[in-house]
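This is what each chain is made of:
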2 protein chains.
Amino acid sequence: MTAKQTEKQFLKSYNIHDFDVPLTSVDMAIFTLKDEQLQVLLVKRAQHPALGQWALPGGFIDFKKDKVLADAARRKLAEKTGVDTPYLEQVATFGGADRDPRGWSVTITYFALIVCDEVELSGDESSDDVKWVPIKDITNKLELAFDHKQVLAACIERLKNKVQYTSLPVNLLPEEFTLTELQQTFEIILDKKIEKKSFRRRIDDADILEETGNMKTGSNRPAKLYRAKPKGENFYFTRNIEGPR
Amino acid sequence: MTAKQTEKQFLKSYNIHDFDVPLTSVDMAIFTLKDEQLQVLLVKRAQHPALGQWALPGGFIDFKKDKVLADAARRKLAEKTGVDTPYLEQVATFGGADRDPRGWSVTITYFALIVCDEVELSGDESSDDVKWVPIKDITNKLELAFDHKQVLAACIERLKNKVQYTSLPVNLLPEEFTLTELQQTFEIILDKKIEKKSFRRRIDDADILEETGNMKTGSNRPAKLYRAKPKGENFYFTRNIEGPR
DNA sequence: ATAATAGTGTCTATCAGACAGTATTAC
DNA sequence: GTAATACTGTCTGATAGACACTATTAT
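Reading guide: rules and limits
- Residues numbered from 1 in each chain as written.
- Chains lettered and ligands numbered in written order.
- Predicted model: local features only at pLDDT ≥ 70, side-chain atom pairs only at ≥ 80, totals over all residues.
- Heavy atoms only, no water.
- Helix = DSSP H or I, 4+ residues; strand = E, 2+ residues; numbered from the N terminus.
- Contact = heavy atoms within 4.5 Å.
- Pairing = 2+ DSSP bridges.
- Axes fitted to C-alpha atoms, helices over the stretch in contact; angles between N-to-C directions.
- Parallel < 35°, antiparallel > 145°, perpendicular 65-115°, else oblique.
- Left-handed = near helix turned anticlockwise from the far one by under 90°.
- Nonpolar A, V, L, I, M, F, W, Y, C, P; charged D, E, K, R; others polar.
- Core = buried A, V, L, I, M, F, W, Y, C linked by side-chain atoms within 4.5 Å.
- Buried < 20%, exposed > 50% of the residue type's maximum accessible area, 1.4 Å probe, protein only.
- Domains from an automatic or database assignment.
- Buried area = accessible area lost by both parts, 1.4 Å probe.
- Salt bridge = Lys/Arg side-chain N within 4 Å of Asp/Glu carboxyl O.
- Polar contact = N/O pair within 3.5 Å; in protein donor to acceptor, adjacent residues only side chain to side chain.
- Least-squares fit on C-alpha atoms with pLDDT ≥ 70 in both.
- Near = heavy atom within 4 Å.

Engineer: Is there a simple way to explain the environment of Met28 of chain A in this structure?
Structural biologist: Residue and element names in this part refer to chain A. Position of Met28 relative to the elements: it lies in strand E1 (residues 23-34). Separated by 142 residues in sequence, Met28 and Val170 place their C-alpha atoms 20 Å apart. When sequence neighbours within four positions are dropped, the list of residues in contact with Met28 reads Leu56, Pro57, Ala73, Lys76, Leu77, Leu88, Tyr110 and Ala112.

Engineer: Can you help me understand the pairing of strand E9 (residues 223-228) of chain B in this one?
Structural biologist: Each regular strand carries side chains that alternate between the two faces of the sheet. All names here are of chain B. In the sheet, strand E8 (residues 209-216) pairs with E9 via 5 bridges, with the strands oriented antiparallel. Bridging across to E9, Met215 finds its partner in Lys224. From the end of E8 to the start of E9, which pair antiparallel, there are 6 residues.

Engineer: Sorry, what's going on with the packing of helix H3 (residues 148-163) of chain B against helix H4 (residues 179-190) of chain B here?
Structural biologist: Helices that pack against each other are described as a pair by the angle of their axes relative to one another and the distance between those axes. Residues and elements named next belong to chain B. Viewed as axis vectors pointing N to C, H3 and H4 meet at an angle of 135°, and their least axial separation amounts to 9 Å. Between H3 and H4, the crossing angle belongs to the class labelled oblique. Classified by chirality, the crossing of H4 by H3 is left-handed. Between H3, through Leu159, Lys160 and Val163, and H4, the contact on the second element is made entirely by Phe186, Ile189 and Leu190. Taken together, the residues that form the contact of H3 with H4 break down as 5 nonpolar, no polar and 1 charged.

Engineer: Help me out: how do you make sense of the nonpolar core in this one?
Structural biologist: A general tendency of soluble globular proteins is for nonpolar side chains to be buried together. Counting 47 residues, the largest nonpolar core has Leu69 and Tyr110 of chain A together with Met28, Ile30, Leu69 and Tyr110 of chain B as its most contacted members. Leave out the neighbours within four places in its chain, and Tyr110 of chain A touches Val26, Asp27, Met28, Ala29, Leu69, Ala70, Ala73, Leu88, Glu89, Gln90, Val91 and Cys155 of chain A. Membership of the second largest hydrophobic core comes to 45 residues, among which are Ala29, Leu42, Phe111 and Leu142 of chain A.

Engineer: Just checking my understanding: could you explain the domain arrangement of chain A for this structure?
Structural biologist: Quite often, the size of an interface is put as the accessible area lost when its parts meet. All names here are of chain A. If you check the domain split of chain A, you get domain 1 (21-162) and domain 2 (165-228). On the domain 1 side of the contact with domain 2, Leu33, Lys160 and Lys162 bury the most area, a combined 41% of that side's loss. Connecting domain 1 to domain 2 are 1 salt bridge. Lys136 is the partner of Asp191 in a salt bridge, and the nearest nitrogen-oxygen pair spans 3.5 Å. Our enumeration of links across domain 1 and domain 2 arrives at 3 residue pairs in polar contact (both at pLDDT 80 or more). Taken together, the elements giving at least two residues each to the side of domain 1 that touches domain 2 come down to E1, strand E2 (37-45), strand E5 (87-96), strand E6 (105-113) and helix H3 (148-163). If one sorts the elements of the side of domain 1 that touches domain 2 by residue count, H3 sits on top with 4 residues. Broken down by class, the residue content of the side of domain 1 that touches domain 2 amounts to 9 nonpolar, 3 polar and 5 charged.

Engineer: Can you help me understand the relation of the copies chain A and chain B in this one?
Structural biologist: Note: a rotation about an axis with an accompanying shift along it relates these two copies of the chain. When chain A is fitted onto chain B, the two copies agree to an RMSD of 0.0 Å after a turn of 180° and an axial shift of 0.0 Å. Classification of the inter-copy transformation places it as that of a two-fold axis. Minimal C-alpha distance to the rotation axis in chain A is attained by Arg239 of chain A, lying at 2.6 Å. A share of 100% of the interface residues of chain A reappears at the interface of chain B, consistent with the copies meeting face to face through the same patch.

Engineer: Even after reading the chapter, I still don't get the protein's contact with DNA strand C, so can you show me in this structure?
Structural biologist: Residues in contact with DNA strand C amount to 27 residues; listed here are only the nearest, Gly243 and Arg245 of chain A together with Lys196, Lys197 and Asn220 of chain B. At 2.8 Å from a base nitrogen of DNA strand C is found a side-chain nitrogen or oxygen belonging to Arg221 of chain A. Here a phosphate oxygen of DNA strand C sits 2.6 Å away from a polar atom, N or O, in the main chain of Gly243 of chain A. Elements that contribute at least two residues to the surface near DNA strand C include exactly helix H5 (196-206) of chain A together with helix H5 (196-206) and E9 of chain B. When the residues that make up the surface near DNA strand C are grouped by side-chain class, the tally is 5 nonpolar, 8 polar and 14 charged.

Engineer: What exactly am I supposed to notice about the interface of chain A and chain B here?
Structural biologist: Counting from both sides, the interface comprises 45 residues of chain A and, opposite them, 45 residues of chain B. Between chain A and chain B, roughly 4200 Å² of surface is buried when both sides are summed, and carbon and sulfur atoms account for 62% of that area. On the chain A side of the contact with chain B, His48, Phe63 and Trp104 of chain A bury the most area, a combined 18% of that side's loss. Applying the counting criterion to the chain A and chain B interface returns 0 salt bridges. Of all the secondary structure elements, the ones that give two or more residues to the side of chain A that touches chain B are helix H1 (7-12), E1, E5 and E6 of chain A. Ranked by residue count, the leading element in the side of chain A that touches chain B is E5 of chain A, at 6 residues. Among the residues forming the side of chain A that touches chain B, the class breakdown is 25 nonpolar, 13 polar and 7 charged.

Here you go:
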């Protein structure tokens, strides 16, 4: 009876493979803003299973390199994009007997928000190809490996929901940006127009930005450039953006 | 090179144990309302590791019984409480090298809301004892196994957050209840008073309850009894409960 | 009648949307 | 000047909190 052993004795005779252990991996939905669209990074699988199919980047935990789960996500992100300080959020974990032909599998899913001009796409041994795909193109046209369409849908839903009451889109813009650019980012993700004055009031009340002192010039009145305040974590509003009435 | 194999050949030679696979389990925070307090179910561990310590109920996936992750959570819940149709929500997944002495481990965490008079607590082989603990008693008094204090904190935070803008507390009440009882449930979880009229307006606008036709009598004016509407999923409000100004 | 709790009427405060107005640049 | 975009003033509308009021029961 195990209860008679010390914990040390127990651990000595313990073998993880005596139990049902699922194949556990981490998958990422890496979002960026490109060509005025919200896009997600897909990789073409270079290995079985689902060889040749497009999939969310992901892979197994590296027991040596990863101390906690988020490390694995950050590592995958850096491998594919070179970006190492993204906004990163765990979304959900999917697990089941039928989602991977290798057997019972679990995937912990994260999404990341990055600035795409800071990215240099790089494939690696596990992918023939890497590309940005506008999320609007993912509906029925494109097949994704495993249950990744469902996984991605969960990430998009989470992102859209949070954009209604947080300042998350700041993470999709470069260091300096105008209020109009920020508003456009919100509009692209929410896929609806926001009233300018409401938007500016909201951002102003949140007190999350500071002027850089620089201006963005164009063929018209220049716009003030802002940056996120240094310790500016993501702000949570108590009311949602509602959109046109 | 794997790319030259068919998927079938690949799967034939595939062995899950050739990779780093963490010890993956499911843990539950089972909440109920008891003695006018929000309480959580803890079990005393009857096995190594952390033998004798209090912990959230949980365990490994059963590849035969569980088709998807939520099945494992539901199964754990039924084993401990006999309840089989709870409100169940996945909260977060914790994983790391140091959270379990057996090695790199991952736990997918769910919370459940149940009605405690429908429960018959039952230990099983893996637990000496099972008990309800008010969440207010969990601060520093009580040690929990592994990182379960942190895990539980995440569940409590999620619950509190969602109670601000959903109708979740309905799931903690029996079939029939009064509006005052429902309000008290919200107040207990949020740990603050809610203005009666605001609360009733909110519930009324949501249109999620129906009168049962019965009344609850006491030493004063009887109160109408309500039940959740049949297809009443949990309602999402667009504004949070704000509490006293 | 009184105590006690159920339930309502209605005021104010807050913040989102609407929309017209002013400001500042390039040309 | 005109065109274009940045930015603001201020009205309306929706919904939360405050709080006093009425309603209905047991005793």
